[in-house]
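Reading the structure
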Amino acid sequence: MEPLGSYKSIISARATDSRILKRSQDGGIVSAVFIYGLENNILDGVIVADKEENFKPVPKVVTTPEEVLEAAGTKYTVCPNLSVLKSAIREYGCERIGVVGTPCQIISLRKVLKYPVGFRHLVNKVALLLGIFCMENFPYMGMKTIVEELCGVKLEDVVKMDIGKGKFWVYTRWGDAKSIKLKKTHPYEQISCHVCTDYTAELADISTGSVGSPDGWSTVLIRSEKGEEIINKMIEEGYLETKPVDEGKFGLGILKKLALTKKEKNMKEIEHRKELGLPVPPKVC
Amino acid sequence: MEDKRITVAHVQLSSCCGCLISLTDTYEKLLDVLNSVDLVYCQTLMDVREIPKADIILVEGAVCLDDHHAMEIAKEVREKGKIVVALGACAAVGGITRFSKGGQMSKPVQSSFSSLTEVVKCDLAIPGCPPSPELIVNVITAVIEGNTEYLKPFVRYGERKYEACGCDLIINAINKSLCMGCGVCAASCPTRAIEMVEGRPLVSSQLCIKCGVCSFQCPRIEV
Ligand SMILES: Cc1cc2nc3c(=O)[nH]c(=O)nc-3n(C[C@H](O)[C@H](O)[C@H](O)COP(=O)(O)OP(=O)(O)OC[C@H]3O[C@@H](n4cnc5c(N)ncnc54)[C@H](O)[C@@H]3O)c2cc1C
Ligand code: SF4
Ligand code: SF4
Ligand code: SF4
């Protein structure tokens, strides 16, 4: 089993623009690619997960670098990004859309592109699929419980959340950091994540996440020609700083291990559901 | 060469013509890309009275069971079409015609409408109100090329003899703990009957026209 899906190359990278790094979750790859795309006519609109007060996630179509920056950073809760897919072409009139999504959202979008039953004149307007790594997600109330009850911080005071070093971290607007063991968050996971076997968004043009690279850097899997073209241009023009991915235990090693763990654990859950005669996610693409 | 072209007929039963508009939105492209399709019957677009034999008969609309003529046509397309395709929600799953209950002029006595799939055997059925032009091209191309993998879901929809509804999402995705909140169902709905609330679809029964698109598009439901 290839734990990371098929890809052309894998690198560690980060944005060179400090405005991006100040707001981004990791190396700012997603925001940097979108901003580069918008500024160079490769994209004319992108779908992102913005947030309102109390970390309420809001899917949005945005068309300017400022708005992309505004939406940077991970929301550890379900944000139905694809719900604004049609509005991107109808209301915003976009013709070259970029979409960021969790692996499940990327799978869902690939299905749309294969079977666009309810999407008139959309297919050739979807220009770039950016996938973010994902082990699991939390329903909004699950995230709220983790932050407010387990970490003891009010959601309204949170500026960033992160998962790393076996812990769930919450950063407040006063500069404090609170953390709890990741294990304690497991009871609040979205259960439908337990039948998901894709860790690295295997169907995206470019996939990125923090695992496998040093703090502040991102691991980037370049999967398609489209993805390769834009990343290469960005490197050439100085938008991205790169280094070879660490092939050892703390680089590619841990990434593959986590990807495989997700596959094996959730395949077991799928088998278990089959034994009970319950439906399981179909093979989509 | 001429006689090798795939013949396509479009037959309309009880419907609004939206599927045909979607079909014609593709027709030039079909000719361009494939150069192998010949439209042999289409009442709205051409003057041919008799439904001829055809390789593919696309049927749009539900069958009015109170209208003998409609029943005859349903039978006729089955006899004359090598491949009968229930095109669009009304023919495939009933769609908005599920709300019909008679009393309307000029035929107040016509009150019973069923999807074509309930009346005759359909080889393929495509939900959607209307299905997108791109999807119709994909299906016709797949038929021509014999791409059975692509056609699988449509074969299954041809076999199902019951209605579709926004609640299919609730029953088949949410109730089965499969919904992960991607939101694609909400975007696909032609009437915006679906709102995403805390990462889950909330379907308005007032707005749902039973077109079957949302549950077809859901990546967590086997279609
Ligand atoms: C639920 C979840 C779980 C994750 N788990 C892992 C993991 O196990 N390992 C790992 O290495 N990385 C994981 N990530 C990815 C990681 O947290 C970063 O999002 C990723 O590295 C991109 O960072 P960046 O600095 O390149 O992007 P940024 O420039 O910060 O941009 C991030 C982009 O992601 C979008 N986004 C944020 N939250 C969501 C969401 N909930 N749904 C859809 N889009 C969203 C934002 O709109 C933004 O455009 C996870 C992300 C999410 C949302
Ligand atoms: S674990 Fe899978 S299903 Fe859950 S949010 Fe991540 S990609 Fe989606
Ligand atoms: S909710 Fe919308 S997409 Fe789903 S069946 Fe009803 S009208 Fe169609
Ligand atoms: S399409 Fe996505 S959001 Fe809608 S029911 Fe299916 S999994 Fe849930």
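The following refers to the structure shown. (Residues numbered from 1 in each chain as written. Chains lettered and ligands numbered in written order. Predicted model: local features only at pLDDT ≥ 70, side-chain atom pairs only at ≥ 80, totals over all residues. Heavy atoms only, no water.)

1. Regarding the overall build of chain A
Applicable threshold: Starting at the N terminus, helices and strands are each numbered in turn, a helix being any DSSP run of H or I of at least four residues and a strand any DSSP run of E of at least two. Computation of the radius of gyration draws on C-alpha atoms, with the globule rule given as 2.2 Å multiplied by the number of residues to the power 0.38. Summary of the burial criterion: residues with accessible area below 20% of their type's maximum are buried, those above 50% are exposed, and those between are partly exposed, where the area comes from a 1.4 Å probe applied to protein chains only. By definition in these notes, contact holds between two residues if any of their heavy atoms fall within 4.5 Å. The Shrake-Rupley method, run with a 1.4 Å probe sphere, supplies the accessible areas, and residue values consider only the shown protein chains as cover. A positive count includes Lys and Arg, and a negative count includes Asp and Glu. His and the chain ends are not counted in either. For the purpose of locating charges, the reference atoms are NZ of Lys, CZ of Arg, CG of Asp and CD of Glu.
Broken down by element type, chain A carries eight helices and 11 strands. Taken over C-alpha atoms, the radius of gyration comes to 18 Å for chain A, in line with the 19 Å a tight globule of 285 residues would show. Each of the 285 residues in chain A was classed as buried or not, and the buried ones make up 54%. Pairs at least 24 apart in sequence give 67% of the contacts found in chain A among residues at least 6 apart. When the accessible surface of chain A is totalled, it reaches about 12800 Å², and 51% of it is carbon and sulfur. Side chains of chain A carry 41 positive and 37 negative charges; the gap between the two charge centres is 4 Å.

2. Some points on the sheet that holds strand β4 (residues 97-101) of chain A
Residues and elements named next belong to chain A. Operational definition: Whether two strands pair depends on DSSP finding at least two bridges between them. Lines fitted to C-alpha atoms define the axes here, with helix axes fitted over just the stretch in contact, and angles between the N-to-C directions of these axes take values from 0 to 180 degrees.
An order of β3-β2-β4-β5-β9-β10-β1-β11 is seen for the eight strands of this open sheet, with the pairing classed as mixed. In the strand order of this sheet, the two ends are held by β3 (57-62) and β11 (240-244), each with one partner. With strand direction ignored, the average angle separating the axes of adjacent strands in the sheet is 30 degrees. Where strand β1 (residues 9-15) lies against β11, five bridges are found, and the strand directions are antiparallel. Its bridge partner being in β11, I11 is matched across the sheet by P244.

3. Focus: the interface of chain A and chain B
Rules: A 1.4 Å probe defines the accessible area here, and the buried area is the portion of it lost by two parts on being joined, summed over both. Throughout this description, the term salt bridge denotes a Lys or Arg side-chain nitrogen within 4 Å of a carboxyl oxygen of Asp or Glu.
On the chain B side, the residues contacting the 37 residues of chain A number 42 residues. Summed over both sides, the interface of chain A with chain B buries roughly 3100 Å², with 57% coming from carbon and sulfur. Where chain A meets chain B, there are four salt bridges. E149(B) is the salt-bridge partner of K114(A), the closest N and O atoms lying 3.2 Å from each other.

4. Some words on helix α2 (residues 29-39) of chain A
Residues and elements named next belong to chain A. The buried fraction of α2 is high, at 10 of 11 residues. Along α2, the residues classified as buried are I29, V30, S31, A32, V33, F34, I35, Y36, G37 and L38. Note on α2: the residue one or two positions beyond its end, N41, has a positive phi of about 65 degrees.

5. Examining the pairing of strand β5 (residues 126-132) of chain A
Residues and elements named next belong to chain A. Burial within β5 is extensive, with six of its seven residues counted as buried. Bridge count between β4 and β5: five bridges; the pairing is parallel. Bridging from a neighbouring strand, I97 pairs with V126 of β5. Across three bridges, the pairing between β5 and strand β9 (residues 206-209) is parallel. Residue pairing across strands places G131 opposite S207, the latter belonging to β9.

6. So, the site of ligand 1
Residue and element names in this part refer to chain A. The cut-off we apply is this: In these notes, residues near a molecule or strand are those with any non-hydrogen atom within 4 Å of it. Polar contact is the term for a pair of N or O atoms within 3.5 Å; when the atoms are in protein, one must be able to donate a hydrogen and the other to accept it, and sequence-neighboring residues count only if both atoms are side-chain atoms.
With respect to spatial proximity, 30 residues lie near ligand 1, and among them D26, S31, A49, T74 and S210 are the closest. Interatomic distance of 2.8 Å between a backbone N/O atom of I29 and an oxygen atom of ligand 1. S210 places a main-chain nitrogen or oxygen 2.7 Å from an oxygen atom of ligand 1. Against a free-state accessible area of 900 Å², the protein chains account for coverage of 97% of ligand 1.

7. With respect to the packing of aromatic side chains
To describe a pair of aromatic rings, you give the distance between the ring centres and the angle between the ring planes. Heads up, the condition is: Two aromatic rings, drawn from Phe, Tyr or Trp (for Trp, its six-membered ring), form a pair once their centres lie within 6.5 Å of each other, and the interplanar angle then sorts them: stacked below 30 degrees, edge-to-face above 60, tilted otherwise. Any Lys NZ or Arg CZ found within 6 Å of a ring centre and within 35 degrees of that ring's normal is scored as a charge over the ring.
Taken as a whole and judged by the stated rule, the model has 11 aromatic pairs over all chains. Ring geometry for Y115(A) and F154(B): centres 5.6 Å apart, planes at 65 degrees, overall edge-to-face. A residue pair is termed interchain when its members come from two chains, as with Y115(A) in the loop between α5 (103-114) and β5 and F154(B) in helix α6 (residues 148-159). The same class applies to Y115(A) as to F154(B), namely buried. An aromatic cluster is built from Y115(A), Y150(B), F154(B), Y157(B) and F216(B), whose rings are joined through pairwise contacts. Over the ring of F216(B) we find K111(A), and its NZ or CZ is 5.7 Å from the ring centre.

8. Quick word on the sheet that holds strand β7 (residues 167-172) of chain A
Residue and element names in this part refer to chain A. In spatial order, the strands read β6-β7-β8; together these three strands make up an open sheet with antiparallel pairing. Of all strands in the sheet, those bounded by a partner on one side alone are β6 (158-164) and β8 (177-181). Looking at each pair of strands side by side, their axes are set apart by 20 degrees on average, direction ignored. Of the pairings in the sheet, the one linking β6 to β7 comprises six bridges and is antiparallel in character. Its bridge partner lying in β7, V158 is registered against T172.

9. Concerning a positive patch on the surface
Note the threshold: For patch building, the residue pool is restricted to those with more than 30% relative accessible area and no salt bridge; the joining distance is 9 Å between like charges and 5 Å between nonpolar side chains (Val, Leu, Ile, Met, Phe, Trp, Tyr).
On the surface, K167(A), K181(A), K183(A) and K184(A) cluster together to form a positively charged patch. Within the element layout of this structure, K167(A) appears in strand β7.

10. Considerations on the site of ligand 2
Let me state the cut-off plainly: Any residue that is not Ala, Val, Leu, Ile, Met, Phe, Trp, Tyr, Cys, Pro, Asp, Glu, Lys or Arg is counted as polar, Gly included; the first ten are nonpolar and the last four charged.
What surrounds ligand 2 is the set T102(A), P103(A), C104(A), C134(A), M135(A), E136(A), N137(A), C193(A), C196(A), K262(A), M180(B) and R220(B). Each of chains A and B places residues near ligand 2. Of the residues that constitute the shell around ligand 2, the class distribution is seven nonpolar, two polar and three charged.

11. Observations regarding the nonpolar core
What counts, and what does not: Residues belong to a common nonpolar core when they are buried Ala, Val, Leu, Ile, Met, Phe, Trp, Tyr or Cys residues joined through side-chain atoms within 4.5 Å. Either an automatic procedure or a domain database provided the assignment from which the domain bounds are taken.
If you look at the biggest cluster of nonpolar residues, it comprises 56 residues, and the most contacted ones within it are L116(B), V139(B) and F154(B). Viewed by domain, this core spans two of them, domain 1 (2-159) and domain 2 (167-217) of chain B, each represented by three or more residues. Among residues more than four places away in sequence, those in contact with V139(B) are L124(B), I126(B), Y150(B), L151(B) and F154(B). Among the nonpolar cores identified, the runner-up in size contains 30 residues, and Y36(A), L43(A), A71(A) and I206(A) belong to it.

12. A word on the packing of helix α5 (residues 133-145) of chain B against α6(B)
Residue and element names in this part refer to chain B. Test applied: Oblique is the label for any angle not under 35 degrees, not over 145, and not in the 65 to 115 range, which are roughly parallel, roughly antiparallel and roughly perpendicular in turn. Crossings are classed by handedness, with left-handed meaning an anticlockwise turn of the near helix from the far one by less than a right angle and right-handed meaning a clockwise turn.
Axis separation between α5 and α6 bottoms out at 9 Å; the angle between their running directions is 115 degrees. Comparing the axis directions of α5 and α6 gives the class roughly perpendicular. Remark: the crossing between α5 and α6 carries left-handed chirality. Contacts from L135, N138, V139, A142 and V143 of α5 reach α6 at Y150, L151 and F154. For the contact of α5 with α6, the residue count by class is seven nonpolar, one polar and no charged.

13. What about the packing of α2(A) against helix α7 (residues 225-236) of chain A?
All names here are of chain A. Look at α2 against α7: their axes get within 11 Å of each other, and the N-to-C directions meet at 90 degrees. Taken together, α2 and α7 sit at an angle that is classed as roughly perpendicular. Together, A32, V33, Y36 and G37 of α2 and I230, I231, K233 and M234 of α7 make up the contact between the two elements. The residue makeup of the contact of α2 with α7, split by class, is six nonpolar, one polar and one charged.

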